[in-house]
Number of protein chains: 2
Amino acid sequence: MPANATTAEIVAAMRSAQRIAVVAHVRPDGDAVGSVLGLVLSLRALGKDVIAILEDGVPGHLAFLPGTDTVVQPGTEPLGLDLAIALDTSTHERVGAKTKALLDAAPLLVNIDHHPTNPGYGQLNLIDADSPATGQIIYNLLSEHGLPIDDAVLQNLFVAISTDTGSFQFSNVNARTHRIVAEMIEAGLDTARLAQLVYQSYPLRRLELMRDMLNHMKFSADGRVLSWQLRRELMEAVGMQAGDTEGLIDILRMVDSVVGCVIFEDMPDGKVRVSARSKDSRLDVSVVCGHFGGGGHRMASGTRMKGPIEEAAQKFLEVLEHEVRRID
Amino acid sequence: MPANATTAEIVAAMRSAQRIAVVAHVRPDGDAVGSVLGLVLSLRALGKDVIAILEDGVPGHLAFLPGTDTVVQPGTEPLGLDLAIALDTSTHERVGAKTKALLDAAPLLVNIDHHPTNPGYGQLNLIDADSPATGQIIYNLLSEHGLPIDDAVLQNLFVAISTDTGSFQFSNVNARTHRIVAEMIEAGLDTARLAQLVYQSYPLRRLELMRDMLNHMKFSADGRVLSWQLRRELMEAVGMQAGDTEGLIDILRMVDSVVGCVIFEDMPDGKVRVSARSKDSRLDVSVVCGHFGGGGHRMASGTRMKGPIEEAAQKFLEVLEHEVRRID
């Protein structure tokens with residue numbers, strides 16, 4: 001991995017550019033959307049001409065964030081960029097094929113991320129694996145260098161940090177995380193309103209999915225593995241949209257006997273998306289996902305498998321249960 | 001309400017006493033247990049002879065907290081106290097009848113709480129309605145006056161603060177709350193481990209209750225009210241224990257159309273416990289609960305009603321739906 005640039009070099013690149021694109025990964029989560037818009041709104045306040053691009057657009061449950069109405073999905077017209085900035089995106093490809101094509105035309109690519117596996121694909125890289133969220137890196141960057149931070153910027157960066165830390169519950173949270181939120185509150189940010197919009201404003205569809213999960217989840221390995229198959233029929237019945245399933249797996253994780261949990265999800269292309277979580281540091285779910293061509297973190301990994309979902313689940317659970325038995 | 005004592009006066013009372021009882025309210029939650037044990041462990045480290053008393057004992061899901069093995073339920077033997085300290089208890093009676101009888105024999109009662117309705121029933125009172133949790137008041141008290149704070153104290157006070165703020169999501173959270181947690185992390189506290197024990201270690205019974213709730217919850221008032229009846233038969237079927245239902249109402253709150261939600265719960269004495277929440281500051285659920293002899297806060301209130309549960313629910317919902325329609 002190439003050495004990190006200094007934050008001063010990165011800010012200098014931003015200041016000397018006029019036309020800038022800021023992008024993040026496909027299937028954007030709260031950290032992707034919040035980091036992009038936090039930086040975009042700050043750079044616009046600085047007088048820059050900034051395009052916010054997300055290959056898959058903004059998921060509905062995050063549409064309340066200020067600036068989401070200015071996010072575009074990539075077209076094919078050249079953008080005449082001075083600078084492209086990729087946020088929260090662990091590999092270059094994960095910005096999406098159309099977005100990548102647009103970025104490739106930019107003379108300079110800045111890559112800011114907190115994923116430890118990020119290979120440093122930019123000309124200027126700022127990879128800080130100690131930050132629980134890319135939003136935390138952006139906040140530090142803006143505040144350290146006196147870039148504009150108004151309430152709209154703070155809203156976006158707070159949601160980035162809050163969602164990527166599971167509301168400050170994950171092991172990636174550090175003292176700086178809480179000090180940043182204290183500063184945000186002192187600056188007048190209404191964090192409770194944002195928490196309500198993020199965590200207490202789901203469509204009924206989500207409770208219908210949750211209900212199906214609780215009615216049809218399956219234990220195995222003596223109660224230590226808990227899994228659920230999210231089938232096409234259910235998606236269609238409830239009218240599922242992007243974001244509806246976010247965090248559902250945390251409910252499976254709640255059961256005290258469980259050390260590993262999995263959600264299998266039918267994909268439009270007939271494949272099956274697998275999301276796996278470990279609750280015990282001795283169980284490495286990335287090994288199990290790796291067995292099927294995927295990967296990720298020790299405690300949170302994923303992969304895609306050939307359908308049908310029932311067969312994929314059976315194959316995956318066999319390997320997972322084997323790994324669970326190894327930690328006895 | 002009498003004026004608050006200074007924290008110096010309260011600490012002086014603690015230092016000059018030798019035999020001290022620390023208590024909190026019946027049906028103790030995370031703030032009650034965590035505040036009591038945080039203070040108890042600090043005072044013990046100071047060399048005091050401290051009895052931790054909870055009328056209903058420690059609920060199972062909080063038993064992991066250090067010091068819970070030393071919590072006693074009240075007997076009838078006099079305790080020979082120099083000092084009694086009631087924490088997080090909005091009325092004197094809410095410590096429980098047996099506990100109150102023991103406290104009444106103490107020459108001095110200190111009353112530390114964050115409930116704005118606390119009438120100041122101690123000889124020395126410290127009521128800070130700006131603190132989101134009594135645990136935050138205790139942390140400030142200990143750190144301001146240099147009382148012992150070790151990891152076991154921090155574990156208890158963190159859980160007190162985390163649970164009473166809904167993991168930092170509620171509107172009572174302030175900048176000081178986050179600064180305290182930053183200090184705790186800098187002192188070496190593993191907040192992620194505690195969050196996992198508090199939020200991701202429920203017995204399967206809890207998911208069974210959640211499943212019943214999602215299968216049987218009822219919308220009314222055009223989807224703006226959502227309620228559930230927790231019946232005796234279900235409690236017996238799952239073997240429900242204290243703490244199993246904590247936070248279940250937050251799942252009802254998640255639905256975006258909902259402004260008010262209610263859980264009705266069969267009590268052993270044939271009455272029905274009602275817990276109501278508002279999501280809209282224009283809807284004051286304490287008015288509705290007050291109509292049935294209960295009360296609480298604008299956004300979170302409760303009451304008890306005569307059974308059977310179906311009739312109680314019908315009567316309560318009629319008044320709640322009336323209030324909901326008033327905010328149109």
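What you see is a predicted model, and the numbers here were worked out from it, not measured in a lab.

**So, the domain arrangement of chain A**
Residue and element names in this part refer to chain A.
1) Next: Examined at the domain level, chain A breaks down into domain 1 (7-199) and domain 2 (204-326).
2) Next: In this structure, domain 1 and domain 2 have C-alpha centres spaced 28 Å apart.
3) Next: Counting residues at the interface gives 7 residues for domain 1, matched by 6 residues for domain 2.
4) Next: Summed over both partners, the interface of domain 1 with domain 2 comes to about 540 Å²; 47% of that surface belongs to carbon and sulfur atoms.
5) Next: Contact with domain 2 buries surface across domain 1, with Arg27, His61 and Phe170 losing the most and accounting together for 58% of the total.
6) Next: On the surface where domain 1 and domain 2 come into contact, there are 0 salt bridges.

**A closer look at the relation of the copies chain A and chain B**
1) Next: Under the fitted operation, chain A is carried onto chain B by 0.0 Å of movement along the axis and a turn of 180 degrees, and the coordinates agree to an RMSD of 0.1 Å. The symmetry that links the two subunits is that of a two-fold axis. If distances are taken from each C-alpha of chain A to the rotation axis, the shortest is found for His178(A), at 2.5 Å.
2) Next: Here 100% of the contact residues of chain A are again contact residues in chain B; the copies associate through an equivalent surface.

**Notes on the side chain of Ser278(B)**
All names here are of chain B.
1) Next: Inspection of the secondary structure assignment puts Ser278 in strand S10 (residues 271-278).
2) Next: Among the polar contacts made by the side chain of Ser278, one reaches the main-chain carbonyl oxygen of Asp280 at a distance of 2.8 Å.
3) Next: Excluding residues that lie within four positions of it along the chain, Ser278 makes contacts with Arg253, Val259, Leu283, Val285, Arg298 and Met299.

**Notes on helix H7 (residues 191-199) of chain B**
All names here are of chain B.
1) Next: Buried residues of H7: Thr191, Ala192, Leu194, Ala195, Val198 and Tyr199, and no others. The buried residues of H7 occupy an angular sector of 160 degrees when the element is viewed end-on, so they sit on one face.
2) Next: Its buried side turned inward, H7 meets helix H5 (151-164) and helix H6 (175-186).

**Some words on the interface of chain A and chain B**
1) Next: Between chain A and chain B, the residue contacts involve 38 residues of the former and 38 residues of the latter.
2) Next: Summed over both partners, the interface of chain A with chain B comes to about 3800 Å²; 59% of that surface belongs to carbon and sulfur atoms.
3) Next: For chain A, the biggest contributors to the area lost against chain B are Gln169(A), Gln200(A) and Met254(A); these three give 18% of the whole.
4) Next: At the boundary of chain A and chain B, one finds 2 salt bridges.
5) Next: For Glu186(B), the salt bridge is made with Arg179(A), and the minimal N-O distance between the two is 2.7 Å.
6) Next: Across the contact surface, chain A and chain B share 21 residue pairs in polar contact (both at pLDDT 80 or more).
7) Next: Elements that contribute at least two residues to the side of chain A that touches chain B include exactly helix H6 (175-186), helix H7 (191-199), helix H8 (204-216) and helix H10 (248-253) of chain A.

**Observations concerning the UniProt feature "domain: DHHA1" (unreviewed entry) in chain A**
1) Next: Summarizing the sequence annotation, UniProt attributes the feature "domain: DHHA1" (unreviewed entry) to residues 239-324 of chain A in the numbering used throughout.
2) Next: Counted over residues 239-324 of chain A, helix gives 34% and strand 28%. Its end C-alpha atoms are 35 Å apart.

**Considering the sheet that holds strand S10 (residues 271-278) of chain A**
Residue and element names in this part refer to chain A.
1) Next: Spatial strand order, S7-S8-S9-S10-S12-S11: 6 strands in an open sheet with mixed pairing. This sheet does not close on itself; its edge strands, each paired only once, are strand S7 (218-220) and strand S11 (295-296).
2) Next: Two elements, S11 and strand S12 (residues 300-306), share 2 bridges in a ladder whose sense is antiparallel. Its bridge partner being in S12, Gly296 is matched across the sheet by Ser301.
3) Next: In this fold H8 packs onto S7, strand S8 (225-230) and strand S9 (260-266), with an angle of close to 130 degrees to the strand it touches most, S8.
4) Next: Relative to S9, helix H12 (residues 309-326) is tilted by about 165 degrees, and along the sheet it contacts S7, S8, S9, S10 and S12.

Procedures and definitions
- Residues numbered from 1 in each chain as written.
- Chains lettered and ligands numbered in written order.
- Predicted model: local features only at pLDDT ≥ 70, side-chain atom pairs only at ≥ 80, totals over all residues.
- Heavy atoms only, no water.
- Domains from an automatic or database assignment.
- Contact = heavy atoms within 4.5 Å.
- Buried area = accessible area lost by both parts, 1.4 Å probe.
- Salt bridge = Lys/Arg side-chain N within 4 Å of Asp/Glu carboxyl O.
- Least-squares fit on C-alpha atoms with pLDDT ≥ 70 in both.
- Helix = DSSP H or I, 4+ residues; strand = E, 2+ residues; numbered from the N terminus.
- Polar contact = N/O pair within 3.5 Å; in protein donor to acceptor, adjacent residues only side chain to side chain.
- Buried < 20%, exposed > 50% of the residue type's maximum accessible area, 1.4 Å probe, protein only.
- Arc of directions from axis to C-beta.
- UniProt positions renumbered as here; feature names shortened; annotations may be inferred.
- Pairing = 2+ DSSP bridges.
- Axes fitted to C-alpha atoms, helices over the stretch in contact; angles between N-to-C directions.

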